[in-house]
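Remarks on the overall topology
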Amino acid sequence: MTEPFDADVAIVGYGPTGLIAALTLAKYGISTLAFERHREIYPRARAVTVNDWTMRIFQSLGVDEPVLKTIDPQRALRWVRYDGTELMRIEHPPSTLGIKPRFFNIYQPTMEATLRECAQARSQIDVRYGSELVALQQDAMGVTVTTRDLASGQTATSRVRYVIGCDGGSSTTRNLIDVQLTGDTLDVLWIVIDCNVKRWWPDRNLLTFWSDKERPVVDIALSGGNHRWELPLKPGETEADFATQDEVWPLLEALGVTRDDVQIHQHAFYRHHVRMANTWRRGRVFLAGDAAHLMPPWAGAGMQSGMRDAFDLGWKLAGVLNGKLPERFLDTYETERRPNVEHFTNLAVQLGRIIKQELGEEEQAALNAPLPPGVEPPLIAPPTLSCGWLRGPVADDSIVGRMIPQPAVGDNRGVMERLDALLGDGFVLLGDDCDPAAHLSPQEKAGWDALGARYIAVRQQDAYTHGSDELIDLDVVLRPWMQRYGVRIVAVRPDKFVAASDVGGLAVPA
Ligand SMILES: Cc1cc2nc3c(=O)[nH]c(=O)nc-3n(C[C@H](O)[C@H](O)[C@H](O)COP(=O)(O)OP(=O)(O)OC[C@H]3O[C@@H](n4cnc5c(N)ncnc54)[C@H](O)[C@@H]3O)c2cc1C
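These notes cover the structure that comes with them. Just so we're clear, the structure is a prediction, and the values are computed from it rather than from any experiment. (Residues numbered from 1 in each chain as written. Predicted model: local features only at pLDDT ≥ 70, side-chain atom pairs only at ≥ 80, totals over all residues. Heavy atoms only, no water.)

1. What about the layout of surface pockets?
One number sums up the size of the second largest pocket: a volume of about 1,300 Å³. Around the second largest pocket, the lining comprises 48 residues; the ones closest to its centre are Ala 381, Pro 382, Pro 383, Thr 384 and Arg 402. Within the residue set of the lining of the second largest pocket, elements represented by two or more residues are helix H2 (52–61), helix H8 (331–355) and helix H12 (478–484). With five residues, the single largest contributor to the lining of the second largest pocket is H8. Looking at the lining of the second largest pocket residue by residue, the class counts come to 26 nonpolar, eleven polar and eleven charged. (1 Å grid on protein atoms, 1.4 Å probe; cavity = no way out; pocket = protein on both sides within 12 Å on 5 of 7 lines; lining within 4 Å. Points joined across faces, edges and corners; volume = space filled by probe spheres on them. Helix = DSSP H or I, 4+ residues; strand = E, 2+ residues; numbered from the N terminus. Nonpolar A, V, L, I, M, F, W, Y, C, P; charged D, E, K, R; others polar.)

2. Observations concerning the pattern of salt bridges
This model, assessed by the stated rule, comprises 33 salt bridges. The closest approach of N and O atoms between Glu 470 and Arg 459, which form a salt bridge, is 2.6 Å. Placement of the pair is Glu 470 in strand S24 (residues 470–472) and Arg 459 in strand S23 (residues 454–459), with a sequence separation of eleven residues. Take Glu 470 and Arg 459: they sit in the same class, and that class is buried. (Salt bridge = Lys/Arg side-chain N within 4 Å of Asp/Glu carboxyl O. Buried < 20%, exposed > 50% of the residue type's maximum accessible area, 1.4 Å probe, protein only.)

3. Brief notes about the site of the ligand
Lining the immediate surroundings of the ligand are 31 residues, of which Thr 17, Glu 36, Arg 46, Asp 290 and Met 303 lie closest. Take Thr 17: an N or O atom from its side chain is 2.7 Å from an oxygen atom of the ligand. Between Gly 302 and the ligand, the recorded distance is 3.1 Å, taken from a backbone N or O atom to an oxygen atom. Across the complex, the protein chains shield 88% of the 1,000 Å² of accessible surface that the ligand would expose by itself. Residue assignment for the shell around the ligand shows that the elements contributing at least two residues are helix H1 (16–27), strand S2 (32–36), strand S9 (131–138) and helix H7 (302–321). (Near = heavy atom within 4 Å. Polar contact = N/O pair within 3.5 Å; in protein donor to acceptor, adjacent residues only side chain to side chain. Areas by Shrake-Rupley, 256 points an atom, 1.4 Å probe, with all protein chains shown as cover.)

4. Side note on the environment of Phe 5
As for its position among the elements, Phe 5 is in the segment before strand S1 (7–12). You can call Phe 5 buried: its relative accessible area is 19%. Between the alpha carbons of Phe 5 and Leu 471 there is a distance of 42 Å; along the sequence they are 466 residues apart. Setting aside residues up to four positions removed in sequence, Phe 5 forms contacts with Met 141, Gly 142, Arg 159, Val 160 and Arg 161. (Contact = heavy atoms within 4.5 Å.)

5. Some details on the packing of H1 against H7
Describing two packed helices takes the angle between their axes plus the distance from one axis to the other. One way to put it is that H1 packs onto H7 with a least axis distance of 8 Å and a crossing angle of 25°. Looking at the two axes, H1 sits roughly parallel to H7. In this structure, H1 crosses over H7, and the sense of that crossing is right-handed. Note on element contacts: H7 touches H1 through Met 303, Gly 306, Met 307, Ala 310, Phe 311, Gly 314, Trp 315, Leu 317 and Ala 318, opposite Pro 16, Thr 17, Ile 20, Ala 21, Thr 24 and Leu 25. Of the residues assigned to the contact of H1 with H7, the class counts are eleven nonpolar, four polar and no charged. (Axes fitted to C-alpha atoms, helices over the stretch in contact; angles between N-to-C directions. Parallel < 35°, antiparallel > 145°, perpendicular 65-115°, else oblique. Left-handed = near helix turned anticlockwise from the far one by under 90°.)

Functional significance is not addressed by these values, which are geometric in nature.
As structure tokens, this is what we get:
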């Protein structure tokens, strides 16, 4: 007899990570119960950017259009000394992921509000605001979640198959499953000043890192007419010295910002963390986002990493719950996401050293050295998977682990769309001017069939289509991309990473 469950998955915490987890599971028809302690969205701005990878996730979840209305393009990044010397500049080349532009400035509370509105329209998502997690008990079949209603003080239990703890840096979920968050918290206290813009000023839309040993400053235009400065307090300065806006103003005035330019909206204090949970899973309970890892803000990747965790875990959990993927597939969540988060954490630490002027001469020279042709700075390089559910080597000359570009394509009905709209949400094998199924052994084909894969031939721009299993490479991007890596067939996962190719072997990865 099937046990009655209140929902398939409980999501603890309904910040950016919890929202993306709920939206991803809903997309695949999985029901969720989300518990969020606070009724109102956390009002401080916190995260400031999203990039094309995150926007492609939004696109997949059908929330990109409303989000796009609330965010602004980011022009470029620059690291500048107070004497005007520009230490480094990163221009944003066009995205290969089918997103324009490549980087955006956001206002986190507005983005969260937009995502909540989108989620409200999904019947699979049931949110219990004002309700906090207090206990978890798991067994072979599922998890019993105990929550407390903060208004009445009453507790209630819910029965679910899996739990995702998206409850932030002080995660109750993490504590309840007895997982440690190891690493460091840096001593320096930073003040974050959020302002409403009163007039435009030159280069306001350049994300500027004022690089200095004593007073490095982040200076960034946020969307919706907001602007942010982040500064470290000097030794001897405390929160109490900046209790009022009158006490905060001299910090901005020292940067040349005047009361004609902005009005201070709010200010807050925070410390940077470099911390990671020692495991991201205990049985049926997973950790995602800040509950699993905390990094300094310099790579703009904290919130985005949480959203990517949620998306990754979401499609995998949905596959397991829908009976299409084996339970052990869930192990790939941490295997794949942990190295990616470590990469961005290390990058954030290194970028922090530039802004704090901690680089030695050799390191600075290496930084200024031109990159080999075709190689992009790590901060803006296209997403890759370094390990996980992949077959074949992950290397500079290998297509495996790379995210497939998203050009415009056409189909046999004459529809012209971005690639993802025509590929769908499952596994797809693409053949360069060939039927990929014809190149598989019966065992290989059976393996992909079991995952519900589609088989699509990609034809050149001036070809005729003959059936619904063909796409035209309208932008002349897909076939040259495959040819660059010497492959004729690629197997693409639901998250648009290449899992296998005819070069490394097309058997379904182990
Ligand atoms: C100053 C600053 C600047 C930043 N800049 C960037 C940036 O540029 N780019 C970037 O990507 N990231 C940035 N970040 C990080 C980013 O804001 C966080 O990584 C992101 O908010 C984490 O999302 P989350 O959903 O995992 O956690 P949170 O946003 O912390 O959400 C957790 C939610 O869980 C709820 N909750 C907690 N405990 C319970 C419980 N027991 N029961 C029920 N609910 C619970 C909380 O109320 C909260 O709503 C910055 C952070 C700071 C502080």
